[in-house]
Amino acid sequence: SGKFIQFCANGALAFARYPGWSNANAPLAQNWMNFPAGKTGLRFEVVFKGMTGSGAQRMAVDLYIDTGSADDNDRIFRHFHDHKAPIEAAFGAPLDWEELPDRKASRISITRPGEADSLDLSAWSNLRDWALANIGQLRMALQPHIASLP
């Protein structure tokens, strides 16, 4: 929808304030925004996912692991999972660890409590602030572990 693309464009401008977070200069018509993680096959995302009973979406930020190789995805996910306690301590809250063995990727995420309607213009500021804070915290918590990947 046009409003969702506007939300992404607005979000891209906000994320542009953080050098190295994104090279995006135009929103795409999808339900997520990607940000480099510094390693091929890894990316940070802000994503609107699933529909709740009222038709509103939920917002999450995650590290998405998709190298194209199930074995490499599993190895990388295990590397992070082996460091779960210090990662969650650095993040400041429990994270969702989604190995997704039946899919081609895995992810480590945090989902915003409550609904997150990307079409509700009055909610954009709060959604953007939540996404910026949490993706920044997730990057900080995971970066040392990304850097230590073989």
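Everything that follows concerns the structure shown earlier in this document.
Residues numbered from 1 in each chain as written. Predicted model: local features only at pLDDT ≥ 70, side-chain atom pairs only at ≥ 80, totals over all residues. Heavy atoms only, no water.

Caption draft 1: Representation of the environment of H83 within the structure. Within the element layout of this structure, H83 appears in the loop between α2 (70-81) and α3 (84-91). Residue classification places H83 among the partly exposed residues on the basis of a relative accessible area of 28%. In this structure, the C-alpha to C-alpha distance between H83 and L142, residues 59 residues apart in sequence, is 9.6 Å. Polar side-chain contacts of H83 include one of 2.7 Å to the backbone oxygen of H79. (Helix = DSSP H or I, 4+ residues; strand = E, 2+ residues; numbered from the N terminus. Buried < 20%, exposed > 50% of the residue type's maximum accessible area, 1.4 Å probe, protein only. Polar contact = N/O pair within 3.5 Å; in protein donor to acceptor, adjacent residues only side chain to side chain.)

Caption draft 2: Fine view of the packing of aromatic side chains. With the rule as written, the count across this model stands at 1 aromatic pair. The interplanar angle of 75 degrees and the centroid separation of 6.2 Å between the aromatic rings of F77 and W97 together place this pair among those described as edge-to-face. Here W97 lies in strand β4 (residues 96-98) and F77 lies in helix α2, a separation of 20 residues in the sequence. Judged by its relative accessible area of 2%, F77 is buried. (Phe/Tyr/Trp six-rings, centres within 6.5 Å; stacked < 30°, edge-to-face > 60°.)

Caption draft 3: Structural view of the pattern of salt bridges. Per the stated rule, a full pass over the model turns up 6 salt bridges. Here E45 ties to R43 by a salt bridge, and the two come within 3.0 Å at their closest N and O atoms. For E45, a relative accessible area of 5% translates into the label buried. Using a relative accessible area of 25% as the deciding quantity, one classes R43 as partly exposed. Note that D74 is salt-bridged to R78, the shortest N-O span being 4.0 Å. On the criterion of helical spacing, the pair formed by D74 and R78 is a turn pair, its members being 4 residues apart in helix α2. One salt-bridge network, held together by shared partners, links D74, R78 and E99. (Salt bridge = Lys/Arg side-chain N within 4 Å of Asp/Glu carboxyl O.)

Caption draft 4: Just the side chain of R139, in detail. Note that R139 resides in helix α4 (residues 124-147). Buried charge R139 goes without a salt bridge, the closest partner of opposite sign being D62 at 11 Å. Within the local environment of R139, its side chain forms a polar contact with the backbone oxygen of P36, the two atoms lying 3.1 Å apart. (Lys, Arg positive; Asp, Glu negative; His and termini not counted.)

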